[in-house]
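# Residue-level structure breakdown
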Amino acid sequence: MKAKKLIEVALPIKEISAESVRDKSIRHGHISTLHLWWARRPLPVCRAIVFASLVPDPLDENCPEAFNYAVEMLLNTGLGKLHYKPYKDIPYTSIVDEMEDNRRNRLMMFIGKFSETCQTNMKAGKSTSPKEQLDDWCLIKWENKNNPQILRIARELIFVAYQNDKRPDATWEQLHGEFNRLYDAIPKAEEQLYSIPNRHIETEQVKQAEASLQSAIEAFQNEMPSVFDPFAGGGAIPLEAARLGCRSYGNDINPVAHIIERGSAEFPQKYGKPIVYSKAEFEKKYGVEGIEIAQDSEKNVIFDGKTYKIPNRLAFDVEYYAKKMYNELENLSSYMYPSVNDSTPLVYNWAKVARCSNPTCNAEVPLLGQFYISKRRGTPKKDWVFLKPHIEGNKITFSIEHGEYQDEGWIGRANLKCPCCGNVTEAKLLKKQFLGYKDSRRLMYVVSENKGKRTYTIPDSNYLNALPQIDKTPVPQEPMPIEYTQALPSCTWGIEKWGQLFSTRQAYVINQIKDKVLSIKQDLDVNLEYNKAVITYLTFLLDRIIVRYTEFGVWHVLQETVEHPFGRQAIPMKFSYPEMNPFSELSGAYWGQLSAITAYINEEDSFASHFANSSSGEQEQFARKSMTSVVTDPPYYDAIAYADLSDFFYVWQKQILSDIFPEIFATPLSPKAEECTALKHRHQGNYDKAKKHFEDKLTEIFDAIELQTTDIVSVMFAHQSTEAWTTLCNSILDARMNITGSWPMDTEVSIALKADKAFLESSVTVACRPSERKGYADFGDVKHNIRQLVKHEVEKLYGLGFRGADLLTACFGQAVSVFGHYKLVETAEGEPVSVGQLLEFARESAAQALLEGVPGEPQTKFYCGWLQMNGMGECDFDDVNKYTRVGVNVEIRSLQSDKLLITEGSKQHLATAEEHVGSNPNWGTQPTDYMISQVHRMMLAYRGGNQELLYKLVRELCPQSDAPQWRVLDFLSGHLPEGKDLTDVRGLLSSAEMLRQKCKDAIVHKVGELQFED
Ligand SMILES: C[S@@+](CC[C@H](N)C(=O)[O-])C[C@H]1O[C@@H](n2cnc3c(N)ncnc32)[C@H](O)[C@@H]1O
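Residues numbered from 1 in each chain as written. Predicted model: local features only at pLDDT ≥ 70, side-chain atom pairs only at ≥ 80, totals over all residues. Heavy atoms only, no water.

## Section: the overall build of the protein
Counting its secondary structure elements, the protein contains 36 helices and 29 strands. What you see for the protein is a C-alpha radius of gyration of 31 Å, in line with the 31 Å of a compact globule of 1014 residues. In terms of overall dimensions, the protein has C-alpha extents of about 90 × 90 × 60 Å along its principal axes. Residues counted as buried form 57% of the 1014 residues belonging to the protein. In the structure as shown, the protein presents an accessible area of about 41700 Å², 49% of it carried by carbon and sulfur atoms. In the protein, 115 positive and 135 negative side-chain charges are present, and the distance between their average locations comes to 3 Å. (Helix = DSSP H or I, 4+ residues; strand = E, 2+ residues; numbered from the N terminus. Rg over C-alpha atoms; globule rule 2.2 N^0.38 Å. Buried < 20%, exposed > 50% of the residue type's maximum accessible area, 1.4 Å probe, protein only. Areas by Shrake-Rupley, 256 points an atom, 1.4 Å probe, with all protein chains shown as cover. Lys, Arg positive; Asp, Glu negative; His and termini not counted. Charge placed at Lys NZ, Arg CZ, Asp CG, Glu CD.)

Structural data, given as structure tokens:
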């Protein structure tokens, strides 16, 4: 029998969460800055999951001796002895608990360990800057992505584990020797190839050196496990699998994703390597433009009089061709964006114009949602800049002023409130105008730069006359999915073709840049894979510009930047938009976009992944049982319409790339029918059909995965609804696998609208294995097992700080693992039990386990218990009466007078927070008040943005993470229906750690007055 894998037994989830949350804010050289893709997984969680899916648990009795030895030698000798020593006192729990110094824990510390500073801070209740949270020696830290020492350890551990699976008797000495020989052959072969001068010319010597390097890489990687991600998206998982030295494979049905994957996890690793040119060859190839780049000290090119040594050939070439394009576009730049009074325009801010529907007014109103031009962070309010409207009859003019401006915008919820007569033109009337004359827009103001200083101008007629009139230019004519109003509400405003997202001016400039890429493509031999890579990045450059260069972009007044429209995985309707000057120094313009691409190419240096084609996941790509492991992140039901959104890029990409990647760009738009999502607009508006499609597809894909894989299948899933989980678990069970491990991790940061605070969201990773389901079981027995397991899990995760819905869904894995042992589970009446029923039961068990922790005060227990059984709906007096006598010991009259139960005629319902404590501001503020009143008070303080009161309540009532108020909130989060109360509960839980932290950081300046450090 083989040992369990680490992921089935233990994972440092707190540490992975900390670094994953940090990962979302890393920009320079990060995969997310190469090209937009939706729902990218953070790199630390991907790296940790791949690693833990491949190595055995060292404490398992079947763990091979050689692997144990490897852990001992690599993590418990030399510097590793100190660095991977388990915590003396687990810092993030309230229990002073020494972690045993054993091999499993050392492996965990190798994956992720809190730094000494962070441990000390945690114990003192202080926060640590994200960068310093993890120890410098652990695998998942961002800074270690190319650390040769740490990657070598990870790769050797994986090598030993994999070899031991094949050859259980191989000893550590034997495997260590083999690893060193195979692994060290690679840098030697690299050195030989990369030192050949002018290796871009295919001489015999170059061909031989290339072949030697290739065979050194293959010789090593053939002895490493293979990892496959069938839903690879932007490529984060294959990137990390390759970083760990594995044979890494990815597939995604979507052509845009496929191209991004290759740009992320194949091309930089294959071609982003050093090259040496002789002076003559360099100058012949690159001319003056190349020499200029070489002289830029940031590019680290070494010129010794005879040779140019370039650290990264691919990054250099992309920069060179982009520069060449830019130089050729200079005339276009001055033509389209003429300087006025030595000021270079950076952004033209336009507003669409509509007519007031009041026939006596008929004003032409620019559709402005607000009037600020700049409220830069850190700028005093008196220096903020805004557009001040001046109304005379039905004429509207503007001036630029400084300071605060509180007036409401003229367009809200797509209704126009006329500033001249006050009439409201409703959205449906406004739409008619848009469908009638589309091109009505007004240039509101121009942001320019003069000697580093920003100026803001309202264009006069001279200014406007100087702008060239572009009447016509070709734009993509492919249709948008107009019935997909959830993500593309813009379509109901007459935008029906992808090309209509751009003004004629924008489309004209985009076409010019695109033509330059095409002409470079013509000059290069695109039969060479290397040149395909170069053209791919120039296409990415165009994509990066296009996405910030539409009529749907956003002018970010706090930063003065132009943002793309996909903030919420949708293209919402926009009535005003920034048109940036792509040739200016603005950070979102040409040079900024290029540097994001070259930074990524320069930063990524590991093994290349393989992306054969883009096909639907149920089509088997590999021979039966030829993959070692699958690590993947499937779509989340109807959360994101990848194919629809990606067409934004597809229609432009295919104009450049279709002849060099013909098999990828074969269809007019990205393929939709086979996409594994539940989108009703693809099923004649029928959600049931859409769901069935998703469920069938996911099952087919998991089936194919199981057939191709020998070992662990790890699945990341961020959806919290029981319905989505039911589908996922059904697919796993139907594919003859069972869940053997389940881990919640914080992997997302979303920005709360209120108070600008970041919220954490979790995803759960389940590890699955092929498993035979045997025999029949009685639901009663299964329930008993599940209740025990779930209770244990709830306590454990609660102790680790997981809360709310995350905590409840994290228990699903445990429940399914019991269920999945049996062919059939039956109720006492002989009815088969479905996965849906099982998960409902698991959720209930988790909630009950949480309720057990609600302290014995009857009013709060009544509230939670009643909510659990009956929700917030109406109920009869008799039912409540029975429950209060049997379930909890409390008088119904007192519940009514305490306003916990609201009576309306003969009906009762549970009070909302507002109904309960809203009428008396003192209720719930005292430690002696009912806990439910305190919790409701916190919810109202949160809702009203009353930070001061909130901090005071947390500080005085529940400063510790195990205070019962948090338990009540958790309970509510699992039971309240959608609505204001639930939103507040979620918000409070997501910011719980921050709130408690703030209370600890608080400085008491005067008695009774709290102040907080920002
Ligand atoms: C949650 S995303 C993966 C994100 C990825 N882990 C990342 O970090 O970028 C799911 C992916 O599944 C892809 N997909 C949807 N249906 C598919 C199918 N039938 N076969 C293969 N891939 C599919 C989508 O295009 C999407 O990129």
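Still to come is the rest of the account.
## Points about the site of the ligand
As a structural note, the neighbourhood of the ligand is formed by 25 residues, with Arg 41, Gly 234, Asp 252, Asp 633 and Cys 676 the closest of them. Within the backbone of Ile 253, an N or O atom sits 3.2 Å from a nitrogen atom of the ligand. Computed on the free molecule, the ligand has an accessible area of 610 Å², of which 100% lies beneath the protein chains in the complex. Because more than half of its atoms lie within 2 Å of the grid, the ligand is assigned to the largest cavity. Here the residues of the shell around the ligand are counted per class, giving twelve nonpolar, seven polar and six charged. (Near = heavy atom within 4 Å. Polar contact = N/O pair within 3.5 Å; in protein donor to acceptor, adjacent residues only side chain to side chain. 1 Å grid on protein atoms, 1.4 Å probe; cavity = no way out; pocket = protein on both sides within 12 Å on 5 of 7 lines; lining within 4 Å. Sits in = over half its atoms within 2 Å of the grid points. Nonpolar A, V, L, I, M, F, W, Y, C, P; charged D, E, K, R; others polar.)

## Concerning the layout of surface pockets
Roughly 1500 Å³ of volume is contained in the second largest pocket. Along the wall of the second largest pocket there are 49 residues; nearest its centre are Tyr 194, Leu 213, Gln 269, Lys 270 and Lys 273. Counting only elements with at least two residues in the lining of the second largest pocket, the list comes to helix H7 (148-166), helix H8 (172-194), helix H9 (204-221), strand S2 (247-250), helix H12 (267-271), helix H14 (313-328) and helix H19 (529-546). With seven residues, H8 is the single largest residue contributor to the lining of the second largest pocket. Residue composition of the lining of the second largest pocket, grouped by class: 20 nonpolar, twelve polar and 17 charged. (Points joined across faces, edges and corners; volume = space filled by probe spheres on them.)

## Here we look at the packing of H19 against helix H20 (residues 590-603)
The N-to-C vectors of H19 and H20 enclose an angle of 135°; their axes lie 9 Å apart at closest approach. Taken together, the axis directions place H19 and H20 in an arrangement best described as oblique. Crossing geometry of H19 relative to H20 is assigned as right-handed. Here Tyr 537, Phe 540, Leu 541, Arg 544 and Ile 545 of H19 lie close against H20, whose contacting residues are Tyr 590, Gln 593, Leu 594, Ala 596, Ile 597 and Ile 601. Partitioning the contact of H19 with H20 into residue classes produces nine nonpolar, one polar and one charged. (Axes fitted to C-alpha atoms, helices over the stretch in contact; angles between N-to-C directions. Parallel < 35°, antiparallel > 145°, perpendicular 65-115°, else oblique. Left-handed = near helix turned anticlockwise from the far one by under 90°. Contact = heavy atoms within 4.5 Å.)

## Quick look at the sheet that holds strand S12 (residues 415-417)
The three strands are arranged S11-S12-S13 in an open sheet whose pairing can be described as antiparallel. Bordering the open sheet on either side are strand S11 (411-412) and strand S13 (424-425), each of which pairs with just one other strand. (Pairing = 2+ DSSP bridges.)

## Focus on the pattern of salt bridges
Counted according to the given criterion, the structure contains 58 salt bridges. Note that Lys 5 is salt-bridged to Asp 165, the shortest N-O span being 3.5 Å. Of this pair, Lys 5 sits in the segment before helix H1 (13-23) while Asp 165 is found in helix H7, placing the two residues 160 residues apart along the sequence. Of the residues examined, Lys 5 reaches a relative accessible area of 5% and is grouped as buried. Between Lys 952 and Glu 956 there is a salt bridge, with its nearest N and O atoms 3.3 Å apart. Of this pair, Lys 952 and Glu 956 both sit in helix H33 (residues 947-957), four residues apart, roughly one helical turn. On the basis of relative accessibility, which here comes to 40%, the residue Glu 956 falls in the partly exposed class. It is possible to trace a salt-bridge network through shared partners that takes in Lys 5, Glu 8, Asp 165, Asp 711 and Arg 769. (Salt bridge = Lys/Arg side-chain N within 4 Å of Asp/Glu carboxyl O.)

## Observations regarding unusual backbone geometry
Its identity is not glycine, yet Asn 300 carries a phi of approximately 55°, on the positive side. According to the relative accessible area criterion, Asn 300 is exposed, its value standing at 53%. Positioned with a positive phi, Asn 341 is a non-glycine residue whose angle comes to about 50°. On the basis of relative accessible area, Asn 341 is assigned to the exposed category, the value being 69%.

## Quick look at the nonpolar core
In terms of nonpolar packing, the biggest core is built from 226 residues, with Phe 51, Phe 110, Leu 157, Leu 314, Ile 535, Leu 538 and Phe 648 touching the most fellow members. The leading source of residues in this core is H19, at eleven residues. Excluding anything up to four places from it in sequence, Ile 535 contacts Val 517, Ile 520, Lys 521, Leu 524, Val 526, Ile 656, Leu 657 and Ile 660. By size, the runner-up hydrophobic cluster in this structure holds 52 residues, among which are Cys 676, Ile 701, Val 715 and Ile 732. (Core = buried A, V, L, I, M, F, W, Y, C linked by side-chain atoms within 4.5 Å.)

## Quick notes on helix H16 (residues 427-436)
Of all the positions in H16, only Ala 427, Leu 430, Gln 433 and Phe 434 are classed as buried. Buried residues of H16 fall within an arc of 115° about the axis and therefore sit on the same side. Exposed residues lying more than 90 degrees from the buried face of H16 are Lys 428, Lys 432 and Gly 436. (Arc of directions from axis to C-beta.)

## Side note on the confidence of the model for the protein
The predicted model of the protein averages 90 in pLDDT, with 94% of residues at 70 or higher. Across residues 750-760 the pLDDT falls below 50, and counting only partners more than four positions away or on other chains, this stretch makes 25 contacts in the model. Low confidence marks residues 1003-1014, where pLDDT is under 50. Its contacts with residues over four positions away, or in another chain, come to 18 contacts. (pLDDT = per-residue confidence, 0-100.)

## What to know about the environment of Thr 983
With respect to the helices and strands, Thr 983 occurs in helix H35 (residues 980-990). Between the alpha carbons of Thr 983 and Tyr 942 there is a distance of 10.0 Å; along the sequence they are 41 residues apart.

## Section: the packing of helix H18 (residues 504-523) against helix H21 (residues 642-657)
Interaxial distance between H18 and H21 falls to 9 Å at its minimum, and their mutual angle equals 30°. Taken together, the axes of H18 and H21 lie roughly parallel to each other. Regarding H18 and H21, the two cross each other, and that crossing is right-handed. The residues of H21 that touch H18, namely those facing Ile 510, Asn 511, Lys 514, Val 517, Leu 518 and Lys 521, are Trp 652, Gln 655 and Ile 656. Taken together, the residues that form the contact of H18 with H21 break down as five nonpolar, two polar and two charged.

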